[in-house]
Amino acid sequence: LSSRIGGEKVLLLSASAWGFLTVLTPLLTHVTSAHLLFMTSSRFLMGLLQGVYFPSLASLLSQKVREGERAFTYSTVGTGSQFGTLVIGGAGSLLLDWYGWESVFYFSGLLTLLWVYCTCKYLLSEKELIIPIDYLMRGLSISKQTKVPWKQLFKKAPIWAVIIAQLSTASTFFTLLSWLPTFFKETFPESKGWVFNVVPWLVAIPTSLFSGFLSDHLISQGYKTITIRKFMQVIGSGVSSIFALCLGQTSSFCKAIVFASASVGLQTFNHSGISVNVQDLAPSCAGLLFGVGNTGGALLGVVCVYLAGYLIETTGSWVSVFNLVAAVNSVGLCAFLMFGEAQRVDTDSTYMDL
């Protein structure tokens, strides 16, 4: 859909919907008795609406940004995820203590709607905001005369390499995001929540920007694109996993913060690796391919989050959780190092000028 009507339009539509849903969530829980059913449904819809974000972004950047600038652009935009986690980790923790859980939903929902308003008013023209209904329906329909031969495309080893790598990194990110607060609460019960909810994501912002700058700089110096993509992925998946393993071995709160920050921060090097490699391989359908990898990553993330909880209960040790993160990352990294490429494999010449 993003490739047909524009990624910016899809982003605005979905952000508007999930912003309203977030604001309404606390209100509706007070007017219905089926609290668990409603909360489950609202979170499902939230995932459905937010699931379009990264594929739409990949489609937008593949069409608008040149190859030599993609890594820094994507890394810069990617810092928004870390900054958002940082804001909610800090301000959200305070709001939770002062005003209850409802205030966190109001705060994040209103921030989203504020972003939508500012984007519509200051960043996009009136023409770019108009989405005719018939054009939207054509975008939703899948033409049989599609330009991209999907069967041949999914037979390419580099496509599967980047999908497997994306699947691995996304699932381990979800695992760390879900379990790190619990790890710190149980291992260091006297620690302040705002410290371990803020510091790792604060570190991730400059590391993401640095990875994008370094990647584009090295490519501009004449290094092969695929060599740089793989180098970034070694840091993003390999080195970050080493720090995750160290996290499970330490009994010092300060060292745990350092290891967690290093692991989360170095994971942002993925932005300059597999995240932009999709755009290298198939700019004409980057959104869909990224969506495939992200969907697989979300599904595997559910399994890994559950498996991590099971390992904690059965072994009573957090070491097994971080071993799981390292093992899954290693699978994706090996696949990308063995079969990853950066040459175009699609047949659509629409964006060849990039």
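- The name given to the protein chain in an unreviewed UniProt entry is Voltage-gated purine nucleotide uniporter SLC17A9, with the source organism recorded as Pelecanus crispus.
- In its Sequence similarities (unreviewed entry) section, UniProt records this for the protein chain: "Belongs to the major facilitator superfamily. Sodium/anion cotransporter family."

1. As for the environment of Ala71
Stage number 1. Within the fold, Ala71 resides in helix α5 (residues 70-99).
Stage number 2. Assessed through its relative accessible area of 0%, Ala71 is described here as buried.
Stage number 3. For the pair Ala71 and Ser272, spaced 201 residues apart in sequence, the C-alpha to C-alpha distance is 4.7 Å.

2. Focus on the packing of helix α15 (residues 286-315) against helix α16 (residues 319-339)
Stage number 1. In the contact formed by α15 and α16, the axes pass within 9 Å of each other and the chain directions differ by 150 degrees. The angle between α15 and α16 falls in the class roughly antiparallel. Of the two possible hands of crossing, α15 and α16 adopt the one that is right-handed. Between α15 and α16, the contacting residues are Leu300, Cys304, Leu307, Ala308, Leu311, Ile312 and Thr315 on the first element and Ser320, Val321, Leu324 and Val328 on the second.
Stage number 2. A class-by-class count of the residues in the contact of α15 with α16 yields 9 nonpolar, 2 polar and no charged.

3. Here we look at the confidence of the model for the protein chain
Low-pLDDT portions of the prediction should not be read for the details of their coordinates.
Stage number 1. Averaged over all residues, the pLDDT of the protein chain is 83; the fraction at 70 or higher stands at 88%.
Stage number 2. This model gives residues 142-146 a pLDDT under 50, and the stretch forms 2 contacts once residues within four places in sequence are excluded.
Stage number 3. Counted against residues more than four places away or in other chains, residues 348-354, with its pLDDT under 50, gives 15 contacts.

4. Remarks on the side chain of Ser208
Stage number 1. Mapped onto the secondary structure, Ser208 falls in helix α11 (residues 193-220).
Stage number 2. We classify Ser208 as buried; its relative accessible area is 0%.
Stage number 3. A distance of 3.1 Å separates a polar atom in the side chain of Ser208 from a polar atom in the side chain of His271.
Stage number 4. If sequence neighbours within four positions are ignored, Ser208 has contacts with Ser75, Thr79, Thr268 and His271.

5. Here we look at the pattern of salt bridges
Stage number 1. Here the structure, examined in full by the defined rule, presents 2 salt bridges.
Stage number 2. Between Arg229 and Asp280 there is a salt bridge whose closest N-O contact spans 2.7 Å. Here Asp280 lies in helix α14 (residues 274-281) and Arg229 lies in helix α12 (residues 225-247), a separation of 51 residues in the sequence. Across the pair, exposure class does not vary: Arg229 and Asp280 are buried alike.
Stage number 3. Each of the salt bridges in this network shares a partner with another, and the network as a whole consists of Arg70, Arg229 and Asp280.

6. Some details on the nonpolar core
Stage number 1. Leu180, Phe183, Phe184, Leu247, Trp318 and Phe322 are the most contacted members of the largest nonpolar core, which totals 30 residues.
Stage number 2. Of all the secondary structure elements, the ones that give two or more residues to this core are α10 (157-187), α11, α12, α13 (253-267), α15 and α16.
Stage number 3. At 6 residues, the largest contribution of residues to this core is made by α11.
Stage number 4. Setting aside chain neighbours within four positions, we find Leu180 in contact with Leu247, Val264 and Phe322.
Stage number 5. Counting residues in hydrophobic clusters, the runner-up holds 23 residues, among them Ile163, Val276, Leu281 and Leu289.

Parameters and conventions
Throughout, a residue's number is its position along its own chain's written sequence, starting from 1. Local features are withheld for residues below a pLDDT of 70 in this predicted model, meaning they are given only at 70 or higher, and side-chain atom pairs are given and counted only at 80 or more; totals for whole chains, interfaces and linings count all residues. Side-chain descriptors were evaluated using all non-hydrogen atoms of the structure, hydrogens and water having been removed beforehand. UniProt positions are given in the numbering used here, feature names are shortened, and annotations may be inferred rather than shown by experiment. Helix and strand labels come from DSSP, where a helix needs a run of H or I of at least four residues and a strand needs a run of E of at least two; each type is numbered from the N terminus. The rule is simple: take the accessible area with a 1.4 Å probe, protein chains only, and divide by the maximum for that residue type; under 20% is buried, over 50% is exposed, in between is partly exposed. Axis lines are fitted through C-alpha atoms, for helices just across the contact stretch, and the angle between N-to-C directions can take any value from 0 to 180 degrees. Roughly parallel refers to an angle under 35 degrees, roughly antiparallel to one over 145, roughly perpendicular to one between 65 and 115, and oblique to any angle outside these ranges. Handedness of a crossing is defined here by the sense of rotation of the near helix relative to the far one, left-handed for an anticlockwise turn of less than a right angle and right-handed for a clockwise turn. The contact definition used throughout considers only heavy atoms, calling two residues in contact when any of these lie within 4.5 Å. For this scheme, ten residues count as nonpolar: Ala, Val, Leu, Ile, Met, Phe, Trp, Tyr, Cys and Pro. Four count as charged, namely Asp, Glu, Lys and Arg, and the remainder, Gly too, count as polar. The quantity known as pLDDT measures the predictor's confidence residue by residue, on a range of 0 to 100. For this analysis, a polar contact is any N or O atom pair within 3.5 Å, provided that within protein one partner can donate a hydrogen and the other can accept it, and provided that sequence-adjacent residues contribute only side-chain to side-chain pairs. Any Lys or Arg side-chain nitrogen located within 4 Å of an Asp or Glu carboxyl oxygen qualifies as a salt bridge. Throughout, nonpolar core names a set of buried Ala, Val, Leu, Ile, Met, Phe, Trp, Tyr and Cys residues whose side chains join them through atoms within 4.5 Å.

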